[in-house]
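If you want the building blocks of each chain, they are given just below.
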Amino acid sequence: MAGKEILQKFKKIADQARQIDDRNLYGDVLSLQSDVMELLEERNELEAQNSSLKQAADVAAKVKYEAPFYWLIDAGRRDGPFCQHCWDKDGMLIRLQRSSIQGVWSCRTCKNSYR
Ligand SMILES: [Zn+2]
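Keep in mind the model is a prediction, meaning the values are calculated, not measured. (Residues numbered from 1 in each chain as written. Predicted model: local features only at pLDDT ≥ 70, side-chain atom pairs only at ≥ 80, totals over all residues.)

Draft legend 1. Highlighting the sheet that holds strand E6 (residues 113–114). Read from one edge of the open sheet, 3 strands run E4-E5-E6, paired in antiparallel fashion. Of all the strands in the sheet, the pair left with one neighbour each is strand E4 (97–98) and E6. (Pairing = 2+ DSSP bridges. Helix = DSSP H or I, 4+ residues; strand = E, 2+ residues; numbered from the N terminus.)

Draft legend 2. Here's a closer look at unusual backbone geometry. The omega angle of the peptide bond from Ala 67 to Pro 68 is 5°, so this bond is cis rather than trans. Its location among the elements puts Pro 68 in the loop between strand E1 (63–66) and strand E2 (69–74). Here the amide bond leading from Gly 80 into Pro 81 is cis, since omega sits at 5°, within 30 degrees of zero. Summarising the element assignment, Pro 81 is placed in strand E3 (residues 77–82). The backbone of Ala 75 shows a phi angle near 50°, a positive value even though the residue is not glycine. Looking at where Ala 75 falls in the secondary structure, it is placed in the loop between E2 and E3. You will see that Lys 111, though not glycine, has its phi angle at about 70°, which is positive.

Draft legend 3. Region of interest: the domain arrangement of the protein chain. Looking at the assigned domains, one finds that the protein chain contains domain 1 (3–58) and domain 2 (67–114). Summarising the inter-unit geometry, the C-alpha centres of domain 1 and domain 2 are found 47 Å apart. (Domains from an automatic or database assignment.)

Draft legend 4. Geometry of the packing of helix H1 (residues 3–19) against helix H2 (residues 23–62). Between H1 and H2, whose axes approach to 9 Å, the crossing angle comes to 170°. By the angle class used here, H1 and H2 are roughly antiparallel. Along the contact surface, H1 presents Gly 3, Ile 6, Phe 10, Ile 13, Ala 14, Ala 17 and Arg 18, while H2 presents Leu 25, Tyr 26, Val 29, Leu 30, Gln 33, Val 36 and Leu 40. By residue class, the composition of the contact of H1 with H2 is 11 nonpolar, 2 polar and 1 charged. (Axes fitted to C-alpha atoms, helices over the stretch in contact; angles between N-to-C directions. Parallel < 35°, antiparallel > 145°, perpendicular 65-115°, else oblique. Contact = placed C-beta atoms within 7 Å. Nonpolar A, V, L, I, M, F, W, Y, C, P; charged D, E, K, R; others polar.)

In structure tokens form, the structure reads like this:
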């Protein structure tokens, strides 16, 4: 249920409490409304967190190790190579750069070289 709908329901109940002049009920409704809004904010944060975890899992499923590099394989398209050390240690896909030495790739983040 959307936050806007919930707020409208609380407003309706709060208005009824005011009409019957029940200050305790009115206060309880406002307090409950505040608690629910806090829960909705937490839910939004968890949804955002869940979405970013899903994205990370999606990327991880596409990362393949072919010694000594990692490759990102998506729909048959192969991208990379990426640094083995940085992925294994920090889960970061760091693109390797060709070094001046033929056949040697280097990582500008961890400074490892691969051949
Ligand atoms: Zn690295």
